[in-house]
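As a plain string of letters, each chain reads:
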Amino acid sequence: MRGTGFQSIVVLTGAGISAESGVPTFRGPDGLWEGHRIEDVATPQAFHRDPALVQAFYDARRAALARVEPNAAHRALAWLDAEWPGDLLIVTQNVDDLHERAGAARMVHMHGELKRAFCLACGERQAAPDTLSDGPACARCGAHGRLRPDIVWFGEMPYHMDRIEAALAACDLFVSIGTSGAVYPAAGFVQGARHYGAHTLEINLEPSEGTHVFHEARHGRAGDLVPLWVGALLEG
């Protein structure tokens, strides 16, 4: 196996990788998310209190995807996905579609997807129309005004946790790219991977809150460092 003996890889990506494509990071330096308090747009209580505000916020974020493109880091991970002969799981905390547009397939969105909707009437998850603000009908049950963004909000359980935990237990290389190391459960993935014996690598613009837990850390732009890492792994 190429890559100095590694057989199974888990890659975790966070806001930092998409920020280089122009996607706003989750929380700005003023503590706000695109001008809103987290409590106003990213909790079930916020949706219950003011669904129109929440729908408009995510409609705007969904529309903004058309103005951004995958960057070199997204493309490098898609290259890894295409060429790596062993097991691979890319776990993203991001709700954009940049990994898919770059060509990655062996991946999961643990915090949901902007381009998906969830029906509160029947539980169906489906492709989201351009806007949810006008109360479109569910593709399965036909209920109007019951679709919400298929996004994991604060207080809700992330998606695919069984699959992610199984992959962490089986991997021998765990790589965290563009994450703050502050949001759980993703922030604990490195400890889980180390517990099972994996080598761990952080690639981040600057040291994260969890840098000290990793075996190895490389700091700089993901668009510069990730292609170099993938190239060395595939050619090693």
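Remember, it's a predicted structure, so these values are computed and weren't measured experimentally. (Residues numbered from 1 in each chain as written. Predicted model: local features only at pLDDT ≥ 70, side-chain atom pairs only at ≥ 80, totals over all residues. Heavy atoms only, no water.)

Peer 1: Is there a simple way to explain the overall build of the protein in this structure?
Peer 2: Along the backbone of the protein there are 9 helices and 9 strands. Taken against the 2.2 N^0.38 rule, which gives 18 Å for 236 residues, the C-alpha radius of gyration of the protein at 18 Å falls within 12% of a compact globule. Its C-alpha atoms put the protein at 55 × 40 × 35 Å along the principal axes. Scored against the burial criterion, the 236 residues of the protein give a buried share of 49%. Of all intrachain contacts in the protein linking residues separated by at least 6 positions in sequence, the fraction that spans at least 24 positions is 62%. Taken as a whole, the protein presents about 10,900 Å² of accessible surface, with 53% of it coming from carbon and sulfur. (Helix = DSSP H or I, 4+ residues; strand = E, 2+ residues; numbered from the N terminus. Rg over C-alpha atoms; globule rule 2.2 N^0.38 Å. Buried < 20%, exposed > 50% of the residue type's maximum accessible area, 1.4 Å probe, protein only. Contact = heavy atoms within 4.5 Å. Areas by Shrake-Rupley, 256 points an atom, 1.4 Å probe, with all protein chains shown as cover.)

Peer 1: I keep staring at the side chain of Ser 176 and nothing clicks. Help me out?
Peer 2: Residue position: Ser 176 is located in strand 7 (residues 173-177). Given a relative accessible area of 2%, Ser 176 falls into the buried group. A polar side-chain atom of Ser 176 sits 2.7 Å from a polar atom in the side chain of Thr 179. The residues touching Ser 176, leaving out its near neighbours within four places in the chain, are Leu 12, Leu 201, Glu 202, Ile 203 and Phe 214. (Polar contact = N/O pair within 3.5 Å; in protein donor to acceptor, adjacent residues only side chain to side chain.)

Peer 1: Help me understand the packing of helix 5 (residues 72-83) against helix 9 (residues 222-235), please; the structure alone is not making it clear to me.
Peer 2: The geometry of a pair of packed helices is captured by two quantities: the angle between their axes and the separation between those axes. In the contact formed by helix 5 and helix 9, the axes pass within 7 Å of each other and the chain directions differ by 15°. Judged on the interaxial angle alone, helix 9 and helix 5 are roughly parallel. For the pair helix 5 and helix 9, the crossing hand works out as left-handed. Residues Ala 72, Ala 73, Ala 76, Leu 77, Trp 79, Leu 80 and Glu 83 of helix 5 touch helix 9, and the partners they reach there are Ala 222, Gly 223, Val 226, Pro 227, Trp 229, Val 230, Gly 231, Leu 233, Leu 234 and Glu 235. (Axes fitted to C-alpha atoms, helices over the stretch in contact; angles between N-to-C directions. Parallel < 35°, antiparallel > 145°, perpendicular 65-115°, else oblique. Left-handed = near helix turned anticlockwise from the far one by under 90°.)

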